[in-house]
Amino acid sequence: MKILRVRQAALPALLLPAILLPAFAVAAQDGTLIVTATPHAVSELDTPAAVSVVNGDEMRHAAPRVNLSESLGAVPGLQVQNRQNYAQDLQLSIRGFGARSTFGVRGLRLYVDGIPATMPDGQGQTSNIDINSVESVDVLRGPFSALYGNSSGGVMNITTQTGEQPATIEASSYYGSYGSWRYGLKATGAVGDGTQPGDVDYTVSGSRFATHGYRDHSGARKNLGNAKLGVRIDDVSKLTLLLNSVDITANDAGGLSQAEWRADPRQSPRGDQYNTRKDTRQTQAGLRYERQLSQNDDLSVMMYAGERETTQYQSIPRAPQLNPGHAGGVINLSRNYQGIDTRWTHRGELGVPVTFTTGLDYENMSENRKGYENFVMVNGAPDYGEKGALRRDERNLMWNLDPYLQTSWQLSEQWSLDAGVRYSSVWFDSNDHYVTPANGDDSGDASYHKWLPAGSLKYAVTDAWNLYLSAGRGFETPTINELSYRSDNQSGLNFNLKPSTNDTVEIGSKTRIGNGLLTAALFQTDTDDEIVVDASSGGRTSYKNAGKTRRQGAELALDQQFAENWRAKASWTWLDATYRSNVCGANDCNGNRMPGIARNMGFASLGYEPESGWYAGSDIRYLSDIMADDENSAKAPSWTVVGLNTGYKFNYGHWMMDIFGRVDNLFDREYAGSVIVNESNGRYYEPAPGRNYGVGLSVGWQF
């Protein structure tokens, strides 16, 4: 019988302070399950938390390799909505946290090779993730995500490939509907086997993507580069250099009202009128040092620094900008960020086997934020889409210093206890340099501090079945963007916003079934001072605290390999997210559903996936209706879409080739890909594409 490999990973031991999980592999040989792992590794099965792993090879299988939304549909609890708007990024939420975000990623922490893709204030982005070189994506949900600091919903950790022998070079391309295409080139390899001083491993990847866009005024161009270089210093230490750069130019089609959506989902009236667009450039570097101090002690130090430049033109009319306190319709941001995370791990005995991990995480960010009018006057009329007079000029500083401790106790052969705590401190300081007689000095500062405990008790019913009970407290501060605007249209920062706190309880089960894994989880999260959208208009969003909210739900997932070359995946999420107090003023919203969050999500796929030759697969995705506002007066209808793919791959000597074709939204369903929560003009809807097609080719040479 041929060996089948279901490659799975988990949160790397040398990366993050919480669930410490290096990679492991599962194989079936003559019907026997084989698990290989590095020393002190904990498998996905044994992890006392809700964690899902998506392998990089799976993400690249018959896929465009452009967006995370292509390959994360099988992760329960994770709602991924592709806005078809590269100016605003994907809309990601875990267990409903992050669904309010009108741009970027909010409510969860993102890491790429140990470097946060989430800033100290909690605002993240996925644009610098290079799917072409991803080794694995690990999604942690539930109480233990609190041990990562300023996030509430969970953690997404992306690990890129580590080069190994033999050296390989791969060229890949994709051509799809709406003028979409992507070219990529990747080289991986190593000198030595990685165990001797002087051994080197490398992975270098670059890609270029462009699209005309499904909607009018939605074209985009993206250049992305990623590099990883590892050097074995001596028998007990290694140094890894990480480089990443992304450059995006994208038009912003904006949202549509329901009438506009039904009349023509591809139109972009405000995009054309105001020439809305966004330019983003980011470059960052990181250095990770790993050392084995003794047989039972390890040290890891991660240092990084980066810069990000953003210019965005919004759809704001001239009239509101006549207010002396208005910040204008053009945002110009320049950010510099850096940080260091130092961690020590000790494995020993205190009556029972125990592991301690303690560390200190420091991050800071400085931001120069300017605002300009988005028009110039020509013959007495505004010409939109041009940078005009200065209307805002401030320097914002944010930093955090978080010590943390995690312990793992093997109480008996069947019982184990994991417990940890993090003390999160976040400081924010703003210095206003745009002071006029009609616009006063809006400088200010704020600080937030919170103890974040988490714990989990696991019982191994059998070698293949584990049960766990976990609980923890989360903490989420306002981001700089959420502080940037006040709901009363006055100038200055919204320092009335308070951080939200939440308490989560979760019970779960994980069972190995043959060559597969069945997981289930029940959870409840109660939140105080939830940060929600107050109003959103013209690309500008203000926020407020919503009192109390509750999220309760269930997650079920199955990943099963059978009959040698067949693979099936299925997941279901039920999430009831409601307000527990009134946030709507005169209209009582107590008991209303929280907007942006689907109550039910489903995914199923079946594929015939041999190592070579013809392959084929199909997937189906379901999302129930989503409320668009707090009053629950508008919603995006539920939808179900089907995708098909087929291709052929072969190896001939040193050559490897894979050619494929795919069709998405097979039945041409018209639906909203995402909603803009509480959009003041009722322009909630961002339509998704109808039936669309794509073909791809990758060619590799192994030296």
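Below, the structure is looked at part by part. (Residues numbered from 1 in each chain as written. Predicted model: local features only at pLDDT ≥ 70, side-chain atom pairs only at ≥ 80, totals over all residues. Heavy atoms only, no water.)

All right, on to the packing of aromatic side chains then. One pass over the structure, following the stated rule, counts 22 aromatic pairs. Both rings, one in Tyr86 and one in Phe209, keep their centres 5.3 Å apart while their planes meet at 50°; by these two values the pair is tilted. Of this pair, Tyr86 sits in the loop between strand S5 (78-81) and strand S6 (91-94) while Phe209 sits in strand S13 (residues 200-211), and the two are 123 residues apart along the sequence. Given the relative accessible area of 22%, Tyr86 is considered partly exposed. Sitting above the plane of the Phe97 ring, Arg551 keeps its charged end 3.7 Å from the centroid. Across the ring face of Tyr615, the terminal group of Lys649 is positioned such that the distance to the ring centre comes to 5.6 Å. (Phe/Tyr/Trp six-rings, centres within 6.5 Å; stacked < 30°, edge-to-face > 60°. Helix = DSSP H or I, 4+ residues; strand = E, 2+ residues; numbered from the N terminus. Buried < 20%, exposed > 50% of the residue type's maximum accessible area, 1.4 Å probe, protein only. Lys NZ or Arg CZ within 6 Å of the ring centre and 35° of its normal.)

Taken as a whole and judged by the stated rule, the model has one disulfide. A disulfide bridge connects Cys584 with Cys589, and the sulfur atoms are separated by 1.5 Å. Taking the torsion about the S-S bond as the criterion, the Cys584 to Cys589 disulfide, at about -90°, is left-handed. Owing to a relative accessible area of 14%, Cys584 belongs among the buried residues under this scheme. (Disulfide = S-S within 2.5 Å.)

Okay, unusual backbone geometry next. Look at the link from Gln165 to Pro166: it is a cis peptide, with omega at -5°. You can see Pro166 is positioned in the loop between strand S10 (154-160) and strand S11 (168-176). One non-glycine residue, His217, lies in the positive phi region at around 55°. Summarising the element assignment, His217 is placed in the loop between S13 and strand S14 (220-234). On the accessibility criterion, His217 (16% relative accessible area) is buried.

Turning to the pattern of salt bridges, a few remarks are in order. Counted by the stated rule, this structure contains 37 salt bridges. Two residues, Asp361 and Arg422, come together in a salt bridge whose shortest N-O distance is 2.8 Å. Highlighted residues: Asp361 in strand S19 (residues 353-372) and Arg422 in strand S23 (residues 415-432), separated in sequence by 61 residues. No difference in accessibility class separates Asp361 from Arg422, as the two residues are buried. We note a salt bridge from Arg662 to Asp664, for which the minimum N-O separation is 2.9 Å. (Salt bridge = Lys/Arg side-chain N within 4 Å of Asp/Glu carboxyl O.)

Attention now goes to the nonpolar core. General note: in soluble globular proteins, nonpolar side chains tend to be found buried as a group. Core analysis: the largest hydrophobic core is formed by 40 residues, its most contacted members being Phe428, Tyr448, Leu623, Val675 and Tyr685. For this core, the elements supplying multiple residues, two or more each, are strand S17 (297-313), S23, strand S24 (444-462), helix H5 (480-483), strand S28 (531-537), strand S36 (639-652) and strand S38 (672-675). By residue number, the principal contributor to this core is S24, which donates three residues. Tyr448 has contacts with Ser424, Ser425, Val426, Phe475, Thr477, Pro478, Leu483, Leu497 and Pro499, leaving out every residue within four places of it along the chain. (Core = buried A, V, L, I, M, F, W, Y, C linked by side-chain atoms within 4.5 Å. Contact = heavy atoms within 4.5 Å.)

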